[in-house]
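# Analysis of the macromolecular model
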Amino acid sequence: MIEQDFIFKKVKLVNGSSSWESPSNIALIKYWGKYGVQLPKNPSISFTLSECKTITKINFRPKKEKENINFSFLFDGSLKPSFNKKIDQFINRILTYIPAIKNHFFEIESYNTFPHSSGIASSASSMSSLALCFMEIEKQINPKISKDYFMQKASFLARLGSGSATRSIGGPLVYWGTNKTYDDSSLFYGTTMNSVAPVFKTFQDTILIIDKNEKKVSSTIGHQLMKSNPYAENRFIQANENMSKLKYVLLKGDIDNFIKIIELEALSLHAMMMTSSPSFILLHPNTLAVIKEVYEFRKQTSIPICFTLDAGANVHLLYPHQFFDKAQNFIRDKLLKYCVSNKFINDHVGVGSKKI
Ligand code: DP6
């Protein structure tokens, strides 16, 4: 599908409501650097999560004359003016693809299943659930659209809200951005990876809460800083190479090489932050302490637990489901002391968004 295929011009006034839940995701190959309207400079791939999700409900009706705003937004039952700008920008971007939105008013309500102050990015889950809800208006006008088109366009729209959100619609693994090894990959939407070894379909992600404060530098600014980062071009080459290698690793269930690629990606992401100008560091001393413990534990036990990082200090511990009990003991014995108020979240790979 090309960009133009996602334009649905028909405008009709409709009433309706829709509810979707959408999970967060954790990137294995990191999206860091973008151009144009939310297009990634390099391909990325992520595990879709299960427990950390956003639930969004919208009611829509024709807009009244003289009504000059077109949405209201409640988060956890309260007004959240700080989110309004992002939603407004999102609505303006998706108008090109569903112009009927302009003639409607939307009452939007959202909540997350994970604590707000946990340092877990919610843009992927929130923007993907919102995109799915907005697709419902297109479906009301054109009930004939297929489920595949519905989901693919939701991923396309979600990207316009937040790049990583494009990868939250499907699961257990979704890739986004072009790469020669993935012939059906697209710059515009996420694609679910079908051929993957069983071990990766039940992978665990335990999120250690190292810092629950909001990030000092937003992802949006971080992406922008890649434009002048002297290492950027090599980073994009590296991400492409890692993407290609990872495809076979995922297919074969090659855990050793999985660990090598995943940890290198996490550290490369943060290396980009440290070499941007101005530079910034999102790692916390406890992030590094946890990484060292993971290296040591793996050396001592040969249990394949590895780490990855988001744009923040929290550590995602990834491991096969069969090592769940051993990983939990390791966390309790060695890692809890590095977590804010001993907090961590046990999540696992999931299959994507769900209509509720
Ligand atoms: C480090 O998707 O949050 O999590 O497109 O500006 O909303 P915007 O950025 P965002 O960036 C995510 C960056 C990352 C890596 C990843 O998820 O691939």
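Remember, predicted model here, so these are calculated numbers, not experimental data.

The next subject is the overall build of the protein chain. Each helix and strand counted, the protein chain has 8 helices and 14 strands in total. Seen through its principal axes, the protein chain has C-alpha atoms that stretch 70 × 45 × 40 Å. The buried share among the 356 residues of the protein chain stands at 57%. Of all intrachain contacts in the protein chain linking residues separated by at least 6 positions in sequence, the fraction that spans at least 24 positions is 76%. As presented, the protein chain carries roughly 15900 Å² of accessible surface, and 53% of it is formed by carbon and sulfur atoms.

Turning to helix H5 (residues 232–252), a few remarks are in order. With 21 residues, H5 extends 30 Å between its outermost C-alpha atoms, agreeing within 8% with the 30 Å of an ideal straight helix rising 1.5 Å per residue. Considered for burial, the residues of H5 that qualify are Ala232, Arg235, Phe236, Ala239, Asn242, Met243, Ser244, Leu246, Lys247, Val249 and Leu250. Tucked inside the fold, the buried residues of H5 contact strand E1 (16–29), strand E4 (44–62), strand E8 (173–176) and helix H6 (255–274). Once H5 ends, the next one or two residues include Gly253, with phi positive near 75 degrees.

A few words now on the nonpolar core. Ile101, Phe106, Ile108 and Phe134 are the most contacted members of the largest nonpolar core, which has 44 residues in total. Elements represented by at least two residues in this core include exactly E4, strand E5 (71–75), helix H1 (81–94), strand E7 (104–112), helix H2 (123–141) and helix H3 (147–161). It is H2 that provides the largest number of residues to this core, a total of 9 residues. Counting residues in hydrophobic clusters, the runner-up holds 33 residues, among them Tyr175, Phe200, Ile261 and Ile345.

Attention now moves to the site of the ligand. Looking at the ligand, there are 17 residues lining it, with Tyr31, Lys34, Ser162, Gly163 and Ser164 nearest. Within the contact set of the ligand, an oxygen atom lies 2.7 Å away from a backbone nitrogen or oxygen of Gly163. Ser164 is positioned such that a nitrogen or oxygen atom in its side chain is 2.7 Å from an oxygen atom of the ligand. Taken by itself the ligand offers 460 Å² of open surface, and the protein chains cover 94% of this. No other element matches helix H4 (residues 219–225), which puts 3 residues into the shell around the ligand. Tallied by class, residues from the shell around the ligand come to 5 nonpolar, 8 polar and 4 charged.

Now for the pattern of salt bridges. Side chains that differ in sign of charge can pair as their charged atoms come close. Tallied over the entire structure, the rule returns 6 salt bridges. Taking the shortest distance from any N to any O, the salt bridge between Lys53 and Glu21 comes out at 3.3 Å. Of this pair, Lys53 sits in strand E4 while Glu21 sits in strand E1, and the two are 32 residues apart along the sequence. Taking relative accessible area as the criterion, Glu21 reaches 13% and is therefore assigned buried. Here Arg298 ties to Glu263 by a salt bridge, and the two come within 2.7 Å at their closest N and O atoms.

Right, let's talk about unusual backbone geometry for a bit. A cis amide bond, omega 5 degrees, links Gly171 with the succeeding residue Pro172. Considering the arrangement of structural elements, one finds Pro172 in the loop between H3 and E8. Along the chain, Ser277 connects to Pro278 via a cis peptide bond; the corresponding omega equals 0 degrees. If you trace the backbone, Pro278 turns up in the loop between H6 and helix H7 (285–301). Phi angles above zero are rare outside glycine, and Asp76 is one such case at about 55 degrees. You can see Asp76 is positioned in the loop between E5 and strand E6 (78–79). Even without being glycine, Ser302 reaches a positive phi, approximately 60 degrees. Structurally, Ser302 can be placed in the loop between H7 and strand E11 (306–309).

Cut-offs and rules
- Residues numbered from 1 in each chain as written.
- Predicted model: local features only at pLDDT ≥ 70, side-chain atom pairs only at ≥ 80, totals over all residues.
- Heavy atoms only, no water.
- Helix = DSSP H or I, 4+ residues; strand = E, 2+ residues; numbered from the N terminus.
- Buried < 20%, exposed > 50% of the residue type's maximum accessible area, 1.4 Å probe, protein only.
- Contact = heavy atoms within 4.5 Å.
- Areas by Shrake-Rupley, 256 points an atom, 1.4 Å probe, with all protein chains shown as cover.
- Expected span 1.5 Å × (residues − 1).
- Core = buried A, V, L, I, M, F, W, Y, C linked by side-chain atoms within 4.5 Å.
- Near = heavy atom within 4 Å.
- Polar contact = N/O pair within 3.5 Å; in protein donor to acceptor, adjacent residues only side chain to side chain.
- Nonpolar A, V, L, I, M, F, W, Y, C, P; charged D, E, K, R; others polar.
- Salt bridge = Lys/Arg side-chain N within 4 Å of Asp/Glu carboxyl O.

None of this, on its own, says anything about what the molecule does.
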